[in-house]
Amino acid sequence: MTMVARSRVATRATGIRRQVFVHVYDDQAELARAHAEARDRAYDPDDDVAGGVAIQQGFQWPRPETTPVVAMRLWTGQLTTRTIAHEATHAAAAFYFMDCVAGWDSRARAHLMGDHEPLAYLIGDLAAEVTAELYRLGLLPNRPHEEAAG
């Protein structure tokens, strides 16, 4: 595999600490293979995979485990605000359902665990456009780490 970075990020936004393993690949085909394998699907070289989120364990019926393993895979050729926000939306949807929607068998499950690509694209597009506009206006620092250091 051509994984160039591996890290872990976490959030307590729902009141429960949730983490995501982030794997960054230098080769798009390797990312697609790893993503397909994590989802127990066959690799299709025609899939246009620039990133993906897979819940690899801990999210099963009748209730999720307290520490699921969620992996976000990204490709160096498309490390953009748009892609990162899109994939973060997929991870956040699972955590939101686990922590904020009462009842594992809720009717919301189909929307939060099913095809929420339109939601992920909306958030990715809006986050990218707002970020680009704020940079253009000079309202964001040139380096993201300047914000944390201030």
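Everything below is about the structure printed above this text.
Peer 1: Tell me about the overall build of the protein, and name the residues and values.
Peer 2: Along the protein, the regular secondary structure elements total five helices and four strands. When the helices and strands of the protein are placed in sequence order, the string is β-β-α-β-β-α-α-α-α. Out of the 150 residues in the protein, the part that is buried amounts to 31%. Intrachain contacts of the protein at a sequence separation of at least 6 include 50% that bridge at least 24 residues.

Peer 1: Go over the environment of Ala85, please, and point to the residues and values.
Peer 2: Relative to the elements of secondary structure, Ala85 occurs in helix H2 (residues 81-100). According to the relative accessible area criterion, Ala85 is buried, its value standing at 15%. Separated by 37 residues in the primary sequence, Ala85 and Leu122 have C-alpha atoms spaced 9.5 Å apart. Not counting chain neighbours up to four residues away, the residues in contact with Ala85 comprise Ile123, Gly124 and Ala127.

The rules we used
- Residues numbered from 1 in each chain as written.
- Predicted model: local features only at pLDDT ≥ 70, side-chain atom pairs only at ≥ 80, totals over all residues.
- Heavy atoms only, no water.
- Helix = DSSP H or I, 4+ residues; strand = E, 2+ residues; numbered from the N terminus.
- Buried < 20%, exposed > 50% of the residue type's maximum accessible area, 1.4 Å probe, protein only.
- Contact = heavy atoms within 4.5 Å.

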